[in-house]
Amino acid sequence: MKIKTVLLLVFLLGFSSLSAQNNDIETIENILHTQETAWSNHDIDGFMQGYWESDELTYYSGGKVTKGWQTTLDNYKKGYPTKADTGKLRFKIDQITKINEASYYVMGQYFLTREVGDANGTFMIIFKKINGEWKIVADSSC
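Below: a short report on this structure.

Calculation notes
- Residue numbers run consecutively from 1 along every chain, following the written order of its sequence.
- It should be noted that, the model being predicted, local features are given only for residues of pLDDT at least 70 and side-chain atom pairs only at 80 or more, the latter also being counted only at that level, while totals for whole chains, interfaces and linings use all residues.
- Side-chain measures here rest on the full set of heavy atoms in the structure, leaving out hydrogens and waters.
- Note on pairing: DSSP must find at least two bridges between two strands before they are called paired.
- In DSSP terms, a helix is any run of H or I states spanning at least four residues, a strand is any run of E spanning at least two, and both are numbered starting from the N terminus.
- In this analysis an axis means a line fitted to C-alpha atoms, helices contributing only their contacting stretch, and an angle means the value between N-to-C directions, from 0 to 180 degrees.
- The contact criterion used is simple: two residues touch if any of their non-hydrogen atoms lie within 4.5 Å.
- Partly exposed describes any residue whose relative accessible area lies between the buried limit of under 20% and the exposed limit of over 50%, with all areas from a 1.4 Å probe on protein chains only and scaled to the type maximum.
- Polar contact is the term for a pair of N or O atoms within 3.5 Å; when the atoms are in protein, one must be able to donate a hydrogen and the other to accept it, and sequence-neighboring residues count only if both atoms are side-chain atoms.
- By nonpolar core is meant a set of buried Ala, Val, Leu, Ile, Met, Phe, Trp, Tyr and Cys residues that side-chain atoms within 4.5 Å join together.

Here's the deal with the sheet that holds strand β5 (residues 119-130)
Taken together, six strands build an open sheet; the order of strands is β2-β1-β6-β5-β4-β3 and the sheet is mixed. The sheet is open, and its two borders are formed by β2 (64-67) and β3 (88-100), each paired with just one other strand. Within this sheet the neighbouring strands show an average axis-to-axis angle of 25°, counted without direction. Pairing analysis gives 11 bridges linking β3 to strand β4 (residues 103-113), with the strands arranged antiparallel. Residue pairing for β4: Asn100 is matched across the bridge by Ser103. Lying on the sheet, helix α3 (residues 69-79) is in contact with β1 (58-61), β2 and β6 (133-141); it crosses β2 at an angle near 120°.

This is how it looks when you write it as structure tokens:
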């Protein structure tokens, strides 16, 4: 009887952990979908809501490291000043992997369809749970 109880508890704990991980992944996917929509509407401020609003946010692209949420926002607004520049964004998520209880990494591809010329590439971003919310704390896009 004791063995059955222990096995049941192990099963329930494992199921609970898997369920929590599935919820985390769904939340992360929703954040990325919200970013696609915001970007496609030339709402860069809305797009940035997925990022950690901190001076410690790290963005790596084009061989250059940028630190800070505000700097990243300013760079996006400078680099994509019009709707023709932002175009329509679509992500293809290749992998979402749990690092630990409070962080995941996401690898994928982005596709920008734009009047000024399409742009496609790959990315790896790190999500961290901060104050109960999943936020991008690091982004490497190329």
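Moving on from the coordinates now.
Focus: the side chain of Ser141
Mapped onto the fold, Ser141 is located in strand β6. The class of Ser141 is buried, set by a relative accessible area of 12%. Among the polar contacts listed, one links the side chain of Ser141 to the side chain of Asp139, at a separation of 2.8 Å. Residue contacts for Ser141: discarding those within four places in its chain leaves Tyr59, Tyr60, Ser61, Gly62, Tyr110, Thr122 and Phe123.

Things to note about the nonpolar core
Formed by 27 residues in total, the largest nonpolar core has its most connected members in Ile28, Phe47, Met48, Tyr51, Tyr76, Val106 and Phe127. Of all the secondary structure elements, the ones that give two or more residues to this core are α1 (2-40), α2 (44-47), α3, β3, β4, β5 and β6. Those residues in contact with Met48, other than ones at most four positions away along the chain, are Leu57, Trp69, Thr72, Leu73 and Tyr76.

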